[in-house]
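Listed below are the residues making up each chain.
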Amino acid sequence: WNSQGTKLASCSSDKTAKIWSVVGEGKGREVANLSGHVASVEQILWSTEDILITSSQDKTVRLWDARVACDTGTSSSCSVARISLPSAPIHIDLHPNGTALAVLLMEEHQQKQNFALRIYDIRKANLAASGTAISTSTGSSTGSTANLQPVRTYSSLYPKSSSGEQLNQGKFSPFGYHYITASKNTNESYGKLHIMDLSDETNHTSTFYTLVAHGGSTNCFSFSSGGRYMATGGSDSIVGIWDVMESMTCVRTVDRLPKPIQSVAFSHDSKIVASCCIEESKIDLTHVETGDKICDLDTFSKYSPVDIAWNPKGYALAVACYFSPDQKVSSYAARNTAMQQPSSAAVTVLKMLFFEVLINFECMM
């Protein structure tokens, strides 16, 4: 979702990203097609109302100006900046102040494959979008795709071969002073959260605090609006709700889903956390303060949801699912009139008219 909750951005294995306008009672229409990647597009973020960021298996991250028509079928003119990487990015995230992009990836360091974190100044891409000449590694660039270089690099977060760590996600903390990764360790039976201190900009050596979060693997995590809570999902089929402000402790767990958790997301007011798991079509809605079940949303898909995202302005939940050729993908709006009582009556579920719009979505933000 964009910040106003009026548009959705999606990406897919068809090598494209798209922007959808959401109007009326969940009706949507495609307004832009961002083409230029040469492999599956794995993730998409909104930088501003006009600038979007995508990551792809083609080992690049691209920044796009949505104000420019992009249906060219070739490297699109609205791609205003590119980040070339030695490997496909694992995860990307935007700093809360919107100025920095974090890219988590694998790179070779001292003849070993290691996890690394690179930080990029996105303000240069915004200048490129406005037509202003910017400084790049190859000189100045105006009106063409700029190749951005990192302003900070943290190498050797973990040596892949010896540590047994596998990083699944990486995000900035709510205030941007830390960078957090969710991991699985092949040598151990639990998943962790690694918290890296970013407050000293002159220190490019990672300093970690480690929390054990799940059995097996910590697959995903998300912060509530304002940063009070964090939700985590693990391969142990448990959703953890953490109080970030009070000593970073897990205060509630939800164990209603039967399979490894795939995605977690907070509603705009931080009162509901939605979660989904593999091989299940249902989405669980939980009251954050009590851990009580509100209701289930059923996508009626033959496959599990891949990603879920709440509208930043209200109780509308976008759901991305795998689908078979004979089946369409659905989305839901959950509208609430009385959140005081966390019961099944607290949320009325309405099917949004996204059947045609959401076909072939594999991730949504």
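Calculation criteria
Residues numbered from 1 in each chain as written. Predicted model: local features only at pLDDT ≥ 70, side-chain atom pairs only at ≥ 80, totals over all residues. Heavy atoms only, no water. Helix = DSSP H or I, 4+ residues; strand = E, 2+ residues; numbered from the N terminus. Buried < 20%, exposed > 50% of the residue type's maximum accessible area, 1.4 Å probe, protein only. Contact = heavy atoms within 4.5 Å. Areas by Shrake-Rupley, 256 points an atom, 1.4 Å probe, with all protein chains shown as cover. Pairing = 2+ DSSP bridges. Axes fitted to C-alpha atoms, helices over the stretch in contact; angles between N-to-C directions. Phe/Tyr/Trp six-rings, centres within 6.5 Å; stacked < 30°, edge-to-face > 60°. Patch = residues over 30% accessible without salt bridge, like charges linked within 9 Å, V, L, I, M, F, W, Y side chains within 5 Å. Salt bridge = Lys/Arg side-chain N within 4 Å of Asp/Glu carboxyl O. Core = buried A, V, L, I, M, F, W, Y, C linked by side-chain atoms within 4.5 Å. Polar contact = N/O pair within 3.5 Å; in protein donor to acceptor, adjacent residues only side chain to side chain.

S.K.: How would you explain the overall build of the protein if you had to name every residue and give the values?
M.R.: Helix and strand counts for the protein stand at 2 helices and 31 strands. Counting all 365 residues of the protein, 54% fall into the buried class. Pairs at least 24 apart in sequence give 48% of the contacts found in the protein among residues at least 6 apart. Surface accessibility of the protein: about 15,500 Å² in total, with carbon and sulfur atoms responsible for 48%.

S.K.: Describe in detail the sheet that holds strand β21 (residues 239–243), supporting the description with residues and values.
M.R.: Read across the open sheet, the 4 strands follow the order β19-β20-β21-β22; overall the sheet is antiparallel. Edge positions in the sheet fall to β19 (218–223) and β22 (249–254), since each has one partner strand and no second. The sheet shows a mean angle of 25° between the axes of neighbouring strands, taken without regard to direction. Bridge count between strand β20 (residues 229–234) and β21: 5 bridges; the pairing is antiparallel. Within β21, the position partnered with glycine 233 by the bridge is valine 239.

S.K.: Tell me about the packing of aromatic side chains, and name the residues and values.
M.R.: If you walk through the whole model with that rule in mind, you get 3 aromatic pairs. Aromatic side chains phenylalanine 221 and phenylalanine 223 sit 6.0 Å apart centroid to centroid with 90° between the ring planes, which places their arrangement in the edge-to-face category. You'll find phenylalanine 221 and phenylalanine 223 in the same group, each marked buried.

S.K.: Residue-level account of the sheet that holds strand β16 (residues 178–185), with values.
M.R.: Strand order in this open sheet of 4 strands is β15-β16-β17-β18, and the pairing throughout is antiparallel. Strands with a single pairing partner mark the edges of an open sheet, and in this sheet they are β15 (165–172) and β18 (208–215). Strand-to-strand, the axes of this sheet are offset by a mean angle of 25°, without reference to chain direction. With 7 bridges joining them, strand β17 (residues 190–197) and β18 adopt antiparallel strand pairing. By the bridge assignment, methionine 196 is partnered in β18 with phenylalanine 208.

S.K.: Pulling in residues and values, what's your account of a nonpolar patch on the surface?
M.R.: Judged by side-chain polarity, Phe175, Tyr177 and Met245 come together as a nonpolar surface patch covering roughly 350 Å² of accessible area. Relative to the assigned elements, tyrosine 177 resides in the loop between β15 and β16. For tyrosine 177, a relative accessible area of 52% translates into the label exposed.

S.K.: Explain the nonpolar core to me, and be specific about the residues and the numbers.
M.R.: In this structure, Ile53, Val61, Leu63, Leu101 and Val103 are the most contacted members of the largest nonpolar core, which totals 19 residues. Those elements giving two or more residues to this core turn out to be β5 (51–56), β6 (60–65), β7 (79–84), β8 (91–94), β9 (100–109) and β10 (112–121). Not counting residues up to four positions away in its chain, the partners in contact with valine 103 are Val61, Leu85, Pro89, His91, Ile92, Ala116, Leu117, Arg118 and Tyr120. Membership of the second largest hydrophobic core comes to 15 residues, among which are Ala274, Ile294, Ile308 and Cys321.

S.K.: So, unusual backbone geometry: which residues are in play, and what are the values?
M.R.: Here serine 237, not a glycine, exhibits a phi torsion of approximately 70°, which is positive. With respect to the helices and strands, the residue serine 237 is situated in the loop between β20 and β21. One non-glycine residue with positive phi stands out, namely serine 270, at about 65°. Tracing the sequence through the fold places serine 270 in the loop between β23 (261–266) and β24 (272–277).

S.K.: I'd like a description of the pattern of salt bridges, backed by residues and values.
M.R.: For the coordinates displayed, the defined rule picks out 9 salt bridges. Linking aspartate 243 and arginine 228 is a salt bridge whose minimum nitrogen-to-oxygen distance equals 3.1 Å. Here aspartate 243, found in strand β21, pairs with arginine 228, found in the loop between β19 and β20; they are 15 residues apart in sequence, far enough to count as distant. Note on aspartate 243: relative accessible area 7%, which makes it buried. We note a salt bridge from arginine 256 to aspartate 284, for which the minimum N-O separation is 2.9 Å. In this pair, arginine 256 sits in the loop between β22 and β23 while aspartate 284 sits in strand β25 (residues 282–287), placing the two residues 28 residues apart along the sequence. According to the relative accessible area criterion, aspartate 284 is buried, its value standing at 1%.

S.K.: Tell me about the environment of proline 305, residues and numbers included.
M.R.: Mapping proline 305 onto the fold places it in strand β27 (residues 305–310). The sequence separation of proline 305 and isoleucine 278 amounts to 27 residues, and the corresponding C-alpha distance is 7.3 Å. For proline 305, the contacting residues outside a window of four places in its chain are Gln262, Cys276, Cys277, Glu280, Ser281, Ile283, Thr299, Val319, Ala320 and Cys321.

S.K.: Describe in detail the environment of histidine 194, supporting the description with residues and values.
M.R.: Relative to the helices and strands, histidine 194 is located in strand β17. Separated by 16 residues in sequence, histidine 194 and histidine 178 have C-alpha atoms that sit 9.8 Å apart. In this structure the side chain of histidine 194 is engaged in a polar contact, spanning 3.3 Å, whose partner is the side chain of glutamate 165.

S.K.: Tell me about the side chain of glutamine 169, residues and numbers included.
M.R.: Locating glutamine 169 in the fold gives a position in strand β15. From its side chain, glutamine 169 meets the backbone nitrogen of phenylalanine 221 in a polar contact 3.2 Å long. When residues no more than four places from it in sequence are discounted, the contact partners of glutamine 169 are His91, Leu104, Ile180, Thr181, Ala182, Asn219, Cys220 and Phe221.

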